[in-house]
Amino acid sequence: MLQILIGLLAISTIAAVLALLLEIADRYIADYGEKHILINDEKDLLVKGGRPLLFTLGEQGIFLPSACGGKGTCGYCKAKVLEGGGPVLPTETPYLDINELTQNVRISCQLKVKEDLKVQIPEELFLVKERLTPDVKNVQFRILAPEEGIAFKAGQYVQLEIPKYELTSEPEFRAYSIASPPFEHHMVELIITKVPEGAVSTYAHEYLQINEELIMRGPFGEFCLRDSDREMLMIATGSGLAPIHSMLRQMKQEGTIKKTTLFFGDRKPEDLLYYDALRELERTVADFTYIPTLSRTTEEDHWTGEKGRVTDLIKKYIPDQSSIDVYICGVPAMVESCLELLTQKGVPPEQICFDKFE
Ligand SMILES: Cc1cc2nc3c(=O)[nH]c(=O)nc-3n(C[C@H](O)[C@H](O)[C@H](O)COP(=O)(O)OP(=O)(O)OC[C@H]3O[C@@H](n4cnc5c(N)ncnc54)[C@H](O)[C@@H]3O)c2cc1C
Ligand code: FES
C-alpha cells in the first residue's frame, strides 16, 4: 500500500512539474508571433499571440464580462470563437452547456491566441469603456474619463482593477456592484467587503489612497429591475445591498416605488449598511418596508429588531403562493437557501432575479 501511495505521489508530482514547465515554456519561450482576430466579421485586430483571448481583447480596448479576473472560476467571459481556438479545454466545459458547445462558445480567459481567430461578441460590449477613477474616499470614485461619465442600469456591476502590489504578482480585477444610482453619472460608489487575504478587497481597504487613479470597466450584468406591476421583495446580505440600494434610489428619484419590502441580513448593528437612509426611505415612502435582521447580537447591543437570517424572514413574512417579484443579492450560499425556500413557497422561478457574489 505504501509503495502504491508513494508511486501515485511520485507520478502526480512529476505530472505537476511537467505541467508547470510546459506553462513556463508556453509563457516565456514560445513565440506565436502576430495573429489576426476578426471580430463580428468587421473589426480586424493584429495582436501578439500567446496570451488568453480575454486579456488580448482587453489590451485592444474590448472588455468581456469577468468576475474572477481571468482565473477560470466564474464562467462569465464567454465569446463565440467561430474559427481557430483549438479544442475546448477541460477548464472550460464546466461553464458551457450543450447549446453553447455546439455554437462554439468558449471561455475566453482559458483560450490562448495561438492562431488566427474569428470571434463573435455582442455589439454592446464595444461600448464598455475603461474608466479612470481618482479622488477616492473609502469606496467612492469620481469618474475622470470619459467626460460624459458612466451610463448604467441600477443593479449592474463594474470590474475594478488594482495595480500589482505585495499580495499580487500582476494587476488584478474583480466585479463590484454599483451602489450609487444611475442618475449620478460622474460618481460610482462601491461597497467592498474585505475578504481575508483577498487580493482586490484588501487593496481597496488597506492600500487605496485618496486621489489614487484606478481603472474601472463596465457596466456589466443582467441583475436589473423588471417592468412589472407586482409587489417586490428585495433580499440582501452584506455588500449584496449595493445593487439594491442603487435600484431603490433610482425608483425613489423616479417616484416609482411600488409596494416593496427589503429584507437585509448581517451580523451586528454596526454592520447595517445605509441604515439611516433606509429608515428615512421607509418614513417618506408609504409603500416601502425595511426589515433588517441580525444573526450575532448580544444583550449589550440592545437590538429589538428581528434576529436570525434572511431565510427566517422569508419563513415568517412570505405567505405561500405569493405573487411577488423577488430580487436577491449576496453570497452564493445565502442566495441558494433563499431560492430553495421561495420555490417551496410557490414563487415562480421566472419571478426571481438574483446575483451571486462568487
Ligand atoms: C456580479 C458580482 C458582483 C459583485 N459585487 C460585489 C460587491 O458589490 N461587493 C463586494 O464586496 N464583492 C462583490 N463581489 C465579489 C468580488 O468580485 C470579489 O470576489 C471579492 O471582493 C473577493 O475578491 P478578492 O480579490 O478580495 O479575493 P480573492 O483574492 O479573489 O480571494 C481570496 C480567497 O478568499 C476566498 N473568497 C472570495 N470571496 C469570498 C467571500 N465573499 N467570503 C469568503 N471568502 C471568499 C476565495 O475563494 C479565495 O480563497 C461581486 C461578485 C460578482 C460576481
Ligand atoms: S474570467 Fe472568470 S472564467 Fe473567465
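Refer to the preceding data block for the structure.
In this text, all values refer to a predicted model and were calculated from it rather than measured experimentally.

Thresholds, definitions, all that
- Residues numbered from 1 in each chain as written.
- Chains lettered and ligands numbered in written order.
- Predicted model: local features only at pLDDT ≥ 70, side-chain atom pairs only at ≥ 80, totals over all residues.
- Heavy atoms only, no water.
- Helix = DSSP H or I, 4+ residues; strand = E, 2+ residues; numbered from the N terminus.
- Contact = heavy atoms within 4.5 Å.
- Areas by Shrake-Rupley, 256 points an atom, 1.4 Å probe, with all protein chains shown as cover.
- Near = heavy atom within 4 Å.
- Polar contact = N/O pair within 3.5 Å; in protein donor to acceptor, adjacent residues only side chain to side chain.
- Salt bridge = Lys/Arg side-chain N within 4 Å of Asp/Glu carboxyl O.
- Buried < 20%, exposed > 50% of the residue type's maximum accessible area, 1.4 Å probe, protein only.
- Pairing = 2+ DSSP bridges.
- Axes fitted to C-alpha atoms, helices over the stretch in contact; angles between N-to-C directions.
- Arc of directions from axis to C-beta.
- Core = buried A, V, L, I, M, F, W, Y, C linked by side-chain atoms within 4.5 Å.
- Domains from an automatic or database assignment.
- Disulfide = S-S within 2.5 Å.
- Patch = residues over 30% accessible without salt bridge, like charges linked within 9 Å, V, L, I, M, F, W, Y side chains within 5 Å.

**Q** Can you tell me about the overall build of the protein chain, naming the residues and giving the values?
**A** Scanning the protein chain from terminus to terminus reveals eight helices and 17 strands. Look at the contacts in the protein chain between residues 6 or more apart in sequence, and 67% of them connect residues 24 or more apart. With an accessible surface of roughly 19000 Å², the protein chain has 53% of that area assigned to carbon and sulfur atoms.

**Q** Could you give an account of the site of ligand 1, naming the residues involved and the relevant values?
**A** With respect to spatial proximity, 20 residues lie near ligand 1, and among them A175, Y176, I191, T193 and S201 are the closest. Between ligand 1 and I191 there is a distance of 2.7 Å, counted from a nitrogen atom to a backbone nitrogen or oxygen. At 2.5 Å from an oxygen atom of ligand 1 is found a side-chain nitrogen or oxygen belonging to S201. Taken by itself ligand 1 offers 940 Å² of open surface, and the protein chains cover 71% of this.

**Q** An account of the pattern of salt bridges is needed here, citing residue identities and associated values.
**A** Side chains that carry opposite charge are capable of pairing whenever their charged atoms lie near each other. What the rule picks out here adds up to 18 salt bridges. Residue E184 is joined to R249 by a salt bridge in which the shortest nitrogen-to-oxygen separation is 3.2 Å. Of this pair, E184 sits in the loop between β9 (172–177) and β10 (187–189) while R249 sits in helix α5 (residues 241–254), placing them 65 residues apart in sequence. Here R249 falls in the partly exposed class, since its relative accessible area comes to 29%. One connected set of salt bridges, linked through shared partners, spans D41, E83 and K118.

**Q** Outline the sheet that holds strand β17 (residues 352–356), supporting the account with residue identities and numerical values.
**A** One open sheet holds the six strands; their spatial order is β15-β14-β13-β12-β16-β17, and the pairing between them is parallel. The outermost strands of the open sheet, each flanked by one partner alone, are β15 (306–307) and β17. Relative to β17, strand β16 (residues 324–330) is paired through five bridges, and the arrangement is parallel. Within β17, the position partnered with G330 by the bridge is K356. Across the sheet, helix α8 (residues 332–344) is in contact with β12 (231–237), β16 and β17; its angle to β16 comes to roughly 160°.

**Q** Got a sec to walk through the sheet that holds strand β4 (residues 105–107)? Specific residues and values, please.
**A** Judged by pairing direction, the sheet is mixed, and its five strands sit side by side in the order β2-β1-β5-β3-β4 without closing on themselves. Only two strands of the sheet have a single partner each, and these edge strands are β2 (43–48) and β4. Neighbouring strand axes in the sheet, compared pairwise and without regard to direction, differ in orientation by 40° on average.

**Q** Quick rundown of helix α7 (residues 310–317)? Include the residues and the values.
**A** Inspection of α7 places V310, T311, L313 and I314 among the buried residues, and these make up the whole buried set. Buried residues of α7, seen end-on, are gathered within an arc of 155° and therefore sit on one face of the element. For α7, the exposed residues lying more than 90 degrees away from the buried face are K315 and K316. At its buried positions, α7 is contacted by β12, β13 (260–266), β14 (288–294), β15 and α8.

**Q** Requested: an account of the nonpolar core, with residues and values cited.
**A** M234, L241, I244, L248, L262, L278 and F288 are the most contacted members of the largest nonpolar core, which has 28 residues in total. Top contributing element to this core by residue count: α5, with six residues. The residue makeup of this core includes at least three contributed by each of domain 2 (128–220) and domain 3 (231–356). Apart from residues no more than four positions distant in its own chain, F288 is found in contact with L248, I257, T260, L262, L278, L281 and E282. The next biggest cluster of nonpolar side chains, apart from the first, holds 22 residues, and it includes A79, V81, L96 and V113.

**Q** Explain the state of the cysteines residue by residue, including any values.
**A** With the rule as written, the count across this model stands at zero disulfides. Cysteine C224 remains unbridged, with the sulfur of C353 as its closest cysteine sulfur at 7.6 Å.

**Q** Provide a residue-level description of the environment of Y327, including the pertinent values.
**A** Tracing the sequence through the fold places Y327 in strand β16. On the basis of relative accessibility, which here comes to 0%, the residue Y327 falls in the buried class. Considered as a pair, Y327 and F223 are 104 residues apart in the sequence and their alpha carbons are 8.3 Å apart. Not counting chain neighbours up to four residues away, the residues in contact with Y327 comprise F223, C224, L225, R226, M232, L233, M234, I235, I244, M247 and C353. Polar contacts involving the side chain of Y327 include one to the main-chain amide nitrogen of R226, which spans 2.8 Å.

**Q** A description of a nonpolar patch on the surface should follow, citing residues and the corresponding values.
**A** Residues V88, I98 and L101 make up a contiguous nonpolar surface patch of roughly 250 Å² in combined accessible area. Take I98: it is sitting in helix α3 (residues 98–102). We classify I98 as exposed; its relative accessible area is 67%.

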